[in-house]
Amino acid sequence: MTPESRLAEYETEADRLLGETVALIPAALDPASGFSESEPRYAPTEGAASASDPAWWQARESLNLAAETDASADAAAAIAAGLTDDGWRESKVRETEGGARITDGFRKDLDGGEWYIEVTWVQTRPEMAEVVEVLVVSPQTVRGADAAGT
């Protein structure tokens, strides 16, 4: 018997967490959505998809901020403060583009599973827009009968 998929539940929670995380950005930074998506993700399979294949939900938003020095860093700092105050564990994930793009990760156990929030921000540079990107990833579940087409 295949365990029941929690994708629908995870979609609701991922969208809620994304909204709450984005709301931590100070209004003075004038956050405006440039791109957003919320969708299931499935582990690679060999052959036909199965209801028991691993799956998770991802929600992301990329926000354009006011063209002010350190707007991206300030937005990321506000998010980090809000998340850590709420019990999320923070870690540095990566730096790319010569240290111009910094990604911080936050983890928290919710309802028996570990959730992950990733915040990517940029160092102020003349050629870079002030942006911040937020990604929410649910714990793993199974694909489920509807997603597998079974």
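What counts, and where the lines are drawn
Residues numbered from 1 in each chain as written. Predicted model: local features only at pLDDT ≥ 70, side-chain atom pairs only at ≥ 80, totals over all residues. Heavy atoms only, no water. Helix = DSSP H or I, 4+ residues; strand = E, 2+ residues; numbered from the N terminus. Buried < 20%, exposed > 50% of the residue type's maximum accessible area, 1.4 Å probe, protein only. Contact = heavy atoms within 4.5 Å. Areas by Shrake-Rupley, 256 points an atom, 1.4 Å probe, with all protein chains shown as cover. Lys, Arg positive; Asp, Glu negative; His and termini not counted. Charge placed at Lys NZ, Arg CZ, Asp CG, Glu CD. Phe/Tyr/Trp six-rings, centres within 6.5 Å; stacked < 30°, edge-to-face > 60°. Expected span 1.5 Å × (residues − 1). Arc of directions from axis to C-beta. Core = buried A, V, L, I, M, F, W, Y, C linked by side-chain atoms within 4.5 Å. Pairing = 2+ DSSP bridges.

Draft legend 1. Quick look at the overall build of the protein chain. Scanning the protein chain from terminus to terminus reveals 3 helices and 7 strands. Along the protein chain, from the amino end to the carboxyl end, the secondary structure elements read α-β-β-α-β-β-β-β-β-α. Seen through its principal axes, the protein chain has C-alpha atoms that stretch 55 × 30 × 25 Å. Across the 150 residues of the protein chain, 41% fall into the buried class. Of the contacts formed within the protein chain by residues at least 6 apart in sequence, a portion of 62% connects residues at least 24 apart. Roughly 7,900 Å² of accessible area belongs to the protein chain as shown, and the carbon and sulfur atoms make up 48% of that amount. The distance from the centre of the 12 positive side-chain charges to the centre of the 29 negative ones in the protein chain is 4 Å.

Draft legend 2. Local environment of the packing of aromatic side chains. The final tally for this structure, using the stated rule, is 1 aromatic pair. Note on Tyr-10 and Trp-115: the rings are 5.4 Å apart at their centroids and 80° apart in plane angle, and the pair reads as edge-to-face. Of this pair, Tyr-10 sits in helix α1 (residues 7-22) while Trp-115 sits in strand β5 (residues 113-122), placing them 105 residues apart in sequence. Note on Tyr-10: relative accessible area 5%, which makes it buried.

Draft legend 3. How the structure looks around α1. Across its 16 residues, α1 extends 22 Å between first and last C-alpha, which sits within 8% of the 22 Å expected from 1.5 Å per residue. Among all positions in α1, only Leu-7, Tyr-10, Ala-14, Leu-17, Leu-18, Thr-21 and Val-22 are buried. Taken down its axis, α1 places every buried residue within 125° of arc, on the same side. Away from its buried face, by an angle of more than 90 degrees, α1 presents the exposed residues Ala-8 and Thr-12.

Draft legend 4. Here's a closer look at the nonpolar core. Residues Ile-25, Ile-117 and Val-132 are the most contacted members of the largest nonpolar core, which totals 29 residues. Not counting the four nearest positions on each side in its chain, Ile-117 is found in contact with Thr-21, Leu-83, Trp-88, Asp-104, Gly-105, Phe-106, Val-134, Leu-135 and Val-136.

Draft legend 5. Quick peek at unusual backbone geometry. Non-glycine residue Glu-97 carries a positive phi angle of around 55°. Mapped onto the elements, Glu-97 comes out in the loop between β3 (89-96) and β4 (101-110). In the Ramachandran plot, Asp-111 falls in the positive-phi region, its phi being about 50° despite a non-glycine side chain. Note on placement: Asp-111 falls in the loop between β4 and β5.

Draft legend 6. Broad picture of the pairing of strand β2 (residues 54-64). Where strand β1 (residues 32-42) and β2 come together, 10 bridges link them in antiparallel fashion. Its bridge partner being in β2, Ala-32 is matched across the sheet by Asn-64. Relative to strand β7 (residues 141-142), β2 runs antiparallel, the two sharing 2 bridges. The residue of β7 that forms the bridge with Ala-55 is Thr-141. By the bridge criterion, 7 bridges tie β2 to strand β6 (residues 131-137) in an arrangement that is antiparallel. Within β6, the position partnered with Ala-59 by the bridge is Val-136.

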